[in-house]
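Listed below, chain by chain, are the residues.
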Amino acid sequence: MNSPDSAVDAAVNAAVSAAVDAPSAPGSSTALDPSTTRHLHHLLATEQRGSRLPSVAAGLVRGGSLVWSDAVGTLDGREGGEAADADTQYRMGSITKTFVAVAVMRLRDEGRLDLMDHLDDHVPGSRLGGATIAQLLSHGGGIQAETNGPWWERTPGGGWDDLAESPVTQRFRAGRRFHYTNVGFAALGELVARTHGADWFEVVRRDLLEPLGMVRTTTRPTGKAAQGLAVHPFADVLLPEPEHDAGAMAPAGQLWTTVQDLSRWAAFAGGDTGEVLSKDTLDEMYEPHTVGDNPGLPWTVAHGLGWQVWNLEGTRYAGHGGSMPGFLAGLRVAVESGDGVVVMANSTAGMGAIGPDLLAALVEREPLTPEPWHASGDARVLELVGTWHWGPSVSVARAVGDHLVLGDPGQGRGSRFAATGADEWVGLDGYYTGEPLRVVRAEDGRPSHLDLASFRFTRTPYDPAGDVPGGVDDAGWQ
């Protein structure tokens, strides 16, 4: 009799053979090594069995393309049932919030609202109006987490007026702290709808899904879709979970999607935004606004404008998790490289860290080859490189590509600077982000000193010719 591990290995071998023989995923531009494909499938199969998931489907994104996808299990969780695949719909849960957030940021970019506007400015009449749009996007408005009625994720929902007239409220002063809120994103969905004069999903479908080719992302299951299931904690039996229209709460977690579609959204999150959103706006959405402060644990998770962001061992990730009764989902991308993972399962609870594990395996087994170095600097900035002094402190300036780098970014006040005009620069990192750097020249045209946010950087410590604020003792160094 074969052991369970032998059965898993047999499934792995069969799946790897199929994957090797199968054509590349649509849009794929990178072929993974067969040993990597085998390893990824083994991780997924082990997760499906170990966590007792009726089915689990996943995909990896690199270079804006789906480079690997796989699925283990069946749509109904029964042996002999229809197998899951990359075109199987699952409920994405709170990943829905990222679509609503992008729709809101498009309105901001069009000048139709400001992030510092209060909800009441656009959606008057609720008890939530004191929170700003930025606070709602970052879960910083103090809004209560859930509705006051029955468990909204398992019961049909009413319209916005019903929700606004219910005793929903703020649990904390707006801006005080992170407090995750599904109700807040219901309000943002209503904001999108009122500003456009159309249903929130119609806006998302027209402005986001269609331009990105995400034709299998819907508010209700269509075509091949997994059954939402609960797995008994102490027995191998299943309970179907209900599916319904959440009404006004739908923007918090209504959407269904497939691995293929969600992988396109992961490519978007990795920077392939097309004409949907500017890359600068996406970067702005990733800036941490509120921190998940868990006592006794280091700060590794924060929320930007609609996106979760992670800072793990120096690597910045963005994405979102999702759960609804019968479903679990995750999306995560490495912001710098654009490598990403999506994973979905039709189980109410139990899925482990398979998404990050798959992404880590891709990075480890198929590392990205660095772009070749080429000389691309501007010799005109050579007069600015070298040693500078702020008082007695020593900083070294280097020209790296189009940037002037003063010190070591990430350490102390080290920062990169981008040119904004003749002898004018602006800080890009840390303490000096957004702060001006001005090159002040002597009468002969050579740089005398740098004026950085009122600090003077001179070629020698406290150079009297550098116009040091407060002056330099007449006796000089002694």
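Residues numbered from 1 in each chain as written. Predicted model: local features only at pLDDT ≥ 70, side-chain atom pairs only at ≥ 80, totals over all residues. Heavy atoms only, no water.

Turning our attention to the packing of helix H7 (residues 182-196) against helix H8 (residues 200-212). One way to put it is that H7 packs onto H8 with a least axis distance of 8 Å and a crossing angle of 75°. Taken together, H7 and H8 sit at an angle that is classed as roughly perpendicular. On H8, the residues that touch Gly189, Val192, Ala193 and His196 of H7 are Trp200, Val203, Arg206 and Asp207. Looking at the contact of H7 with H8, its residues break down into 4 nonpolar, 2 polar and 2 charged. (Axes fitted to C-alpha atoms, helices over the stretch in contact; angles between N-to-C directions. Helix = DSSP H or I, 4+ residues; strand = E, 2+ residues; numbered from the N terminus. Parallel < 35°, antiparallel > 145°, perpendicular 65-115°, else oblique. Contact = heavy atoms within 4.5 Å. Nonpolar A, V, L, I, M, F, W, Y, C, P; charged D, E, K, R; others polar.)

On to helix H3 (residues 96-109). Spanning 14 residues, H3 covers 20 Å between terminal C-alpha atoms, matching the ideal 20 Å at 1.5 Å per step. Across the 14 residues of H3, 12 count as buried, placing the element largely inside the fold. Among the residues of H3, Thr96, Lys97, Thr98, Phe99, Val100, Ala101, Val102, Ala103, Val104, Met105, Arg106 and Leu107 are the ones counted as buried. Of the residues trailing H3, Gly111 is marked for its positive phi of about 80°. (Expected span 1.5 Å × (residues − 1). Buried < 20%, exposed > 50% of the residue type's maximum accessible area, 1.4 Å probe, protein only.)

Locating Ser94 in the fold gives a position in the loop between strand E3 (90-91) and H3. Of note is the side chain of Ser94, whose polar atom sits 2.7 Å from the side chain of Lys97. In this structure, Ser94 is in contact with Tyr180, Asn182, Ala252, Gly253, His320, Gly321, Gly322 and Ser323, ignoring residues within four places of it in sequence. (Polar contact = N/O pair within 3.5 Å; in protein donor to acceptor, adjacent residues only side chain to side chain.)

Let's shift gears to the environment of His118. Tracing the chain through its elements places His118 in the loop between H3 and helix H4 (119-122). Taking the C-alpha atoms as reference, His118 lies 5.5 Å from Ala131; in sequence the two are 13 residues apart. Ignoring sequence-local partners within four residues, the contact set of His118 consists of Gly129, Gly130, Ala131 and Thr132. Of the polar contacts made by the side chain of His118, one reaches the backbone oxygen of Gly130; its length is 3.5 Å.

Attention shifts here to the packing of H3 against H7. Helix-helix packing is described using two parameters, namely the angle between the two axes and the distance between the axes. Following both chains from N to C, one finds H3 and H7 inclined at 45°, their axes separated by 10 Å at the closest point. By the angle class used here, H3 and H7 are oblique. The hand of the H3/H7 crossing is left-handed. Contacts between H3 and H7 involve Lys97, Val100, Ala101, Ala103, Val104 and Leu107 from the first element and Asn182, Phe185, Leu188, Gly189, Leu191, Val192, Thr195 and His196 from the second. (Left-handed = near helix turned anticlockwise from the far one by under 90°.)

Moving on: the pairing of strand E12 (residues 340-345). Two faces, one strand: in a regular strand the side chains alternate between the faces of the sheet. Of all 6 residues in E12, 6 are buried, a share of seventy percent or more. Alternating residues of E12 divide into Gly340, Val342 and Met344 and Val341, Val343 and Ala345, and every residue in both groups is buried. Sheet topology places strand E1 (residues 55-62) next to E12; 6 bridges connect them, and they run antiparallel. Bridge pairing in E12 places Leu60 opposite Val341. With 6 bridges joining them, strand E11 (residues 327-334) and E12 adopt antiparallel strand pairing. Paired with Val333 across the strands is Gly340, a residue of E12. Here E11 hands over to E12 after 5 residues, with Gly338 in that stretch at a positive phi of 85°. (Pairing = 2+ DSSP bridges.)

Time to look at the nonpolar core. Ranked by size, the top nonpolar core spans 80 residues in total, and within it Phe99, Leu137, Trp265, Trp307 and Leu331 carry the most contacts. Broken down by element, the residue count for this core peaks at 8 residues, all from H3. With residues near it in sequence (within four places) discarded, Trp307 still touches Thr98, Val102, Trp265, Phe268, Ala269, Leu282, Met285, Tyr286, Ala302, Gly319, His320 and Leu331. (Core = buried A, V, L, I, M, F, W, Y, C linked by side-chain atoms within 4.5 Å.)

This part takes up the sheet that holds E1. Adjacent strands of a sheet form backbone hydrogen bonds with each other and so pair up, either parallel or antiparallel. Read across the open sheet, the 8 strands follow the order E2-E1-E12-E11-E10-E9-E8-E7; overall the sheet is antiparallel. Two strands in the sheet have a free side with no partner beyond their single neighbour: strand E2 (65-73) and strand E7 (290-291). The pairing of strand E10 (residues 315-324) with E11 spans 8 bridges and is classified as antiparallel. Within E11, the residue paired with Ser323 across the bridge is Leu328.

This next bit is on the pairing of strand E19 (residues 447-452). Across the 6 residues that make up E19, a large majority, 6, are buried. Sheet analysis places strand E18 (residues 436-441) next to E19, joined by 5 bridges and oriented antiparallel. Bridge assignment links Arg441 to a residue of E19, and that residue is Pro447. As consecutive antiparallel partners, E18 and E19 are separated by 5 residues, and within that stretch Gly445 has a phi angle of approximately 90°, a positive value.

So, on to H8. Taking 1.5 Å as the rise per residue, H8 with 13 residues should run 18 Å; its terminal C-alpha atoms sit 17 Å apart, in good agreement. The largest bend along H8 measures about 35° and falls at Arg206. Residues of H8 that are buried include every one of Trp200, Phe201, Val203, Val204, Asp207, Leu208, Leu209 and Leu212, and no others. Buried residues belonging to H8 abut H3, H7 and helix H9 (259-269). One side-chain oxygen at the N-terminal end of H8 lies 2.9 Å from the backbone nitrogen of Phe201; it belongs to Asp199. Immediately beyond the C-terminal end of H8, within one or two residues, lies Gly213, with a positive phi of roughly 75°. (Bend = angle between axes of the 7 residues up to and from the residue.)

On to the environment of Gly386, then. Assignment of secondary structure puts Gly386 in strand E13 (residues 386-390). Setting aside chain neighbours within four positions, we find Gly386 in contact with Ser395, Val396, Ala397 and Arg459.

Note that all results are geometric; they support no functional claim without further evidence.
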